[in-house]
Amino acid sequence: MDFQQDLVFVKTLQGEEEVRSRSLQLDRSARLVLILVDGVINAAELIQKLPGTDNVPGLLTSLWRDGLIEPAVKTDGLADTKEPRSSTDFPELPVDISALAGTIHELPARETRIEPMLSAAAANAEQPEVEPVDAVPDAPVYAPPKALEDEKRTPVRSALQDASLWVHGQTERVHGVYRGLVWALFGGLILAVVSSFVLPWVPLPIHPDFLTHRATQLCGAGANYDSTKLSVWPSPSVAALGMTETGSCPALGEARFMFSWSSLLHGEPQITGLQFRNAEVSASHALDLFARLSLTSLGLKEGTVILFNDVNLSFVAYPVLGLSGEAKVVNGQLNDLVLTDHDALHRVNLAQARGKVMVKLDIKQLQMNDTMLTALEFDGLDDQSGYILGKLNAEIGSGHVSGLLNLMPGGNRISGRLQLKGVPHDALPLDALSIFNEGVVDGDINILANSAPVLQDALDSLSVAGRLQIRDGSLTGADLLEVAQSGRSMFQAGGRTLFSNAAANLVSDKKAWKLEGFALQGAAIEAAGMLERAGKGPITGSLSLQSAKLRLPKSAWRVNGEPGTWRFNRIGG
């Protein structure tokens, strides 16, 4: 049924509490209607007071069903009083109520309230006037239909309505946050555009000799650069472009000194950061630059950040390209310079401890000729003599290499002592091992090489000396058992000799190699002697052969030729 326009509502106790506490999180429109309900104005007047609010009748219905408002006990033409009404106060109804009395009095007594069907059209429609008739005494109380009783609130419906109101409130809050962020970003964009046009025209109080003085402090006397560049965004800075290699400085595409606005306003630029771009840095230059940056003459404050971009570092004969990272000034010294490449395959860390420079190089993959090194780690220390004492660990195939490396003063030579464990024989850049096939190498060797900027150049200068042991391999180009069993004075060998163990003292460089104290233990043959090779010449040497298992006596042979074409000449036995 339609909602009467003269119906007046009052707040219930629950409605008064909601106005004070806002516990139900009503939306703005519903709360405004609840506040305006005062028990005086009727529904039509309330609609007129809220012309900008949609569906006021629907909001009144929702508030009534939620128990926040209820109809006022007041009827047109009657005073609101607690005094009993007389029979003449009731208008005569246009129906015979006596015919319905028996049926109505049989209904159970219950609390009743009118459930209106509110609509904007009904609120604005004129109600038909009822002609007053003689009052009917003892008029029955009207009970609403059962359909309206079923629409009363239940615990489930109440919980769903409360949840819906809470979600609506949270959504409004999120929308408010988003709107704030959008406006903040828009304001920042406007500020950036305006600054890009205005700031370049702001004069900076930097002395013309400032950059020359700082470059000399950083690189030493004779520091030279092609041009300068002044920037004011995002912070004031001055850069030396095209710096040449001078003193402790490598060749730099850009060395930028950054300041704070406050220090410029006080007339004394205070360096708040440094940035180096496009640098070609050798190991010695890296350490010299590291020491220079720690000088108090530069005036670097505690926590100053130094940035590096696109740095090519040549360290221990291995170039690492495209490094970027940063360092900080801690306790007056540059500390924890961390550089990584774009693929995260290389990581260089420099730090200072007790006046010495700590170096750490991590390489996930390193291609060396046909060999792939993985998990290579190098921990170094710059001692007072200028050496780099470094601990090396690397995985080569299924084997492991560890030891110490020293960078000689001047950074031109590398020396070291390495331990090999289970390294595939073909993974080592040693020509002497070309006579073997399969097998893994254990050993303890000393190395010496040039610290060339290209790894292959360093390998070409590599010298090795030490004891090697090859396990579970084969000697290519010669079946030594067949040689021992032959009764000839000269034998052209072929095939191969399987062995469980072979050992020798190796002396090797790119010009020659020698296996002294060579000993081989095969399944049915034992061999001992010496093998060597000079340049690209033939393999020469002497071997003694015997077989305890087959009771072959010892025989001595001179060896000459290439693997696969070895000639054995009997010289004894």
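Throughout this description, residue numbers start from 1 for each chain and increase along the sequence as written. Reporting of local features is limited, given that this is a predicted model, to residues whose pLDDT is at least 70; pairs of side-chain atoms are given and counted only at 80 or more, and all residues count toward the totals for whole chains, interfaces and linings. Only hydrogens and water are set aside when side-chain values are computed; all heavy atoms of the structure are taken into account.

## Here's the deal with the overall build of the protein
1) Next: Numbering of helices and strands runs from the N terminus, with a helix taken as a DSSP run of H or I at least four residues long and a strand as a DSSP run of E at least two residues long. A tally of helices and strands in the protein yields 13 helices and 24 strands.
2) Next: Relative accessibility thresholds used throughout: buried, under 20% of the residue-type maximum; exposed, over 50%; partly exposed, between the two (1.4 Å probe, protein chains only). Across the 573 residues in the protein, those meeting the buried criterion constitute 38%.
3) Next: Expressed as a percentage of contacts within the protein between residues at least 6 apart in sequence, the contacts between residues at least 24 apart total 50%.
4) Next: For accessible areas, the Shrake-Rupley method is used with a probe of radius 1.4 Å. Any residue's cover is judged against the shown protein chains and nothing else. Summing over all exposed atoms, the protein offers an accessible surface of approximately 31800 Å²; the carbon and sulfur share of this is 56%. Two residues form a contact once any of their heavy atoms are found within 4.5 Å.

## Comments concerning the pairing of strand β4 (residues 237-243)
1) Next: Across the seven residues that make up β4, a large majority, five, are buried.
2) Next: Being paired, for any two strands, means DSSP has found at least two bridges between them. Relative to β4, strand β3 (residues 227-231) is paired through five bridges, and the arrangement is antiparallel. By the bridge assignment, T228 is partnered in β4 with A240.

## Focus: the pairing of strand β16 (residues 436-450)
Looking down a regular strand, the side chains alternate between one sheet face and the other.
1) Next: Where strand β15 (residues 413-424) lies against β16, ten bridges are found, and the strand directions are antiparallel. Bridging across to β16, S415 finds its partner in L448.
2) Next: Inspection of the sheet shows β16 paired to strand β17 (residues 463-476) by twelve bridges, in the antiparallel sense. The residue of β17 that forms the bridge with E438 is G473.

## Focus on helix α9 (residues 210-219)
1) Next: Burial of α9 is extensive: seven of the ten residues sit out of reach of the surface.
2) Next: Along α9, the residues classified as buried are F210, L211, R214, A215, Q217, L218 and C219.
3) Next: Looking one or two residues beyond α9, the residue adopting positive phi is G220, at roughly 100°.

## Structural notes on the nonpolar core
1) Next: The term nonpolar core refers to a set of buried residues drawn from Ala, Val, Leu, Ile, Met, Phe, Trp, Tyr and Cys, joined through side-chain atoms within 4.5 Å. In terms of nonpolar packing, the biggest core is built from 89 residues, with I435, F436, L480, L545, W566 and F568 touching the most fellow members.
2) Next: With sequence-adjacent residues up to four places away left out, L480 is seen in contact with L475, T497, I525, A527, L543, L545 and F568.
3) Next: L26, L46, I47 and L59 belong to the second-largest nonpolar core, a separate cluster that totals 21 residues.

## Quick look at the side chain of R533
1) Next: Tracing the chain through its elements places R533 in strand β21 (residues 526-534).
2) Next: What qualifies as a polar contact is a pair of N or O atoms within 3.5 Å, subject to a donor-acceptor requirement within protein and to the restriction that residues adjacent in sequence count only when both atoms come from side chains. From its side chain, R533 meets the backbone oxygen of G537 in a polar contact 2.6 Å long.
3) Next: Apart from residues lying up to four places away in sequence, R533 is in contact with K511, A512, W513, P538, I539 and E562.

## What about the packing of aromatic side chains?
1) Next: Centres within 6.5 Å make a pair out of two Phe, Tyr or Trp rings, where for Trp the six-membered ring is used; the pair is then stacked when the planes are under 30 degrees apart, edge-to-face when over 60, and tilted otherwise. This model, assessed by the stated rule, comprises seven aromatic pairs.
2) Next: Ring centres of F9 and W64 lie 5.4 Å apart, and the angle between their planes is 70°; this geometry places the pair in the edge-to-face category. With F9 in strand β1 (residues 9-11) and W64 in helix α4 (residues 56-65), this residue pair connects regions lying 55 residues apart in the sequence. The burial state of F9 is the same as that of W64; both residues are buried.

## Concerning the environment of G564
1) Next: Along the polypeptide, G564 turns up in the loop between β23 (552-561) and β24 (567-572).
2) Next: For the pair G564 and A493, spaced 71 residues apart in sequence, the C-alpha separation works out to 7.1 Å.
3) Next: In contact with G564, not counting residues within four places along its chain, are G477 and A493.

## A word on unusual backbone geometry
1) Next: The phi torsion at E438 lies on the positive side, around 60°, for a residue other than glycine.
2) Next: Turning to its location among the elements, E438 is positioned in strand β16.
3) Next: In this structure, R551 is a non-glycine residue whose phi angle is positive, near 60°.
4) Next: With respect to the helices and strands, R551 occurs in the loop between β22 (539-547) and β23.

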